[in-house]
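Read off the chains here:
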Amino acid sequence: MAPKTEQKIYVGIGLDFETGGLDCRECACTQIALQAVRFDTWQVFDRYQAYIAPYGKQDAGLPRRKVLRTRHEQAKEPEYVPMKYEQTALDYSAITMEMLRTQGVDMKKVAGEVIAFAKRSTLSKGYQCKPVLVGQNIAFDIGFLQQLMNYAGLAAEFEKTFSGTKDYYGNFQPHYIDTLVMGRLAFVADPEVTSYKLELVASKLGVELDDAHDAAADVTATLDILGVYTSRLRQTEGAAIATQKKEKTRKYFKI
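Going by an unreviewed UniProt entry, the chain carries the name 3'-5' exonuclease and comes from Butyricimonas faecalis.

**Student:** Can you walk me through helix α8 (residues 198-205) in this structure?
**Tutor:** In an α-helix, one full turn covers 3.6 residues, which means residues spaced three or four apart are oriented alike. Within α8, the full set of buried residues consists of L198, V201, A202 and L205. All buried residues of α8 project into a common sector of 105° when viewed along the axis, lining one side. Downstream of α8 by one or two residues, G206 has phi in the positive range, about 75°.

**Student:** Would you take a moment to explain the packing of aromatic side chains for this structure?
**Tutor:** To describe a pair of aromatic rings, one takes the distance between the centres and the angle between the planes. On inspection of all chains with the given rule, the structure shows seven aromatic pairs. Relative to F144, the ring of F140 has its centre 5.0 Å away and its plane inclined at 55°; by these criteria the two rings are tilted. Of the two residues, F140 and F144 both sit in helix α5 (residues 138-151), four residues apart, roughly one turn of that helix. Measuring from ring centre to ring centre gives 5.2 Å for Y168 and Y169, while their planes differ by 90°; the resulting arrangement is edge-to-face. The residues Y168 and Y169 share a single accessibility class, namely exposed. Following the ring pairs from residue to residue traces out a cluster consisting of F17, F140 and F144.

Criteria and cut-off values
The written sequence of each chain sets the order in which its residues are numbered from 1. The predicted nature of this model means local features are confined to residues of pLDDT at least 70 and side-chain atom pairs, given and counted, to a pLDDT of 80 or more, with totals for whole chains, interfaces and linings taken over all residues. Heavy atoms from the whole structure form the basis of all side-chain values; hydrogens and water molecules are not counted. A 1.4 Å probe rolled over the protein chains alone gives each residue an accessible area, and that area as a share of the maximum for its type sets the label: buried under 20%, exposed over 50%, partly exposed in between. Helix numbering and strand numbering both begin at the N terminus, where a helix is a DSSP run of H or I of at least 4 residues and a strand a DSSP run of E of at least 2. The arc in question is formed by the directions pointing from the helix axis toward the C-beta atoms. Each aromatic pair joins two rings of Phe, Tyr and Trp (for Trp, the six-membered one) with centres within 6.5 Å, and gets the label stacked for planes under 30 degrees apart, edge-to-face for over 60, and tilted for any other angle.

Quick look at the structure:
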């Protein structure tokens, strides 16, 4: 009798950032929320959220052009350059600089806690079972996550912990599921749907969104939306839309 193979448990990590602006190269992360969900049972089994204390630009370890400097210049402390906190972005998320100063966690500590969260959320062994990121317009959030990891010096650990591959240039790109794209697939034929913003898609699907533009609330709604899409995919009633096989005739072949 062949030994029973252990069922793999695949996990997604819902991710959402609130930020000080749209440019991940210049603007700061202000709030982060994570939720770990099992894809088989759709059970959310771990959560993390934090405000991020104000911080300055860091050395991201990227290659830089060599410049000749005197010993005096080399001995000088690097100048502190603050990240951008645009007022429009702060108003959008209802986060104030005072909240970040009094409630914020050090950026490097947050980055370490994100890695620890992903490690304890990995429930099965194997490369394919590393967590996959989930989010609404997730490419935006991934840019800020990469900033956080590079500034904290945890880029190598980030690559080891999350599911992903290296691109043509050798840069690590995490695997992800974007509910924005799934919304377009689901509702592109519906003339009443003219926008795929999180709050509008949530309303269309009957998903509650208690506090839009709060990172934790957005992650909860995003995973609920993906849960609705997933349950529809798993239903067998939709099998009637299967494509019909065409009978091949001679015109399909070159002679």
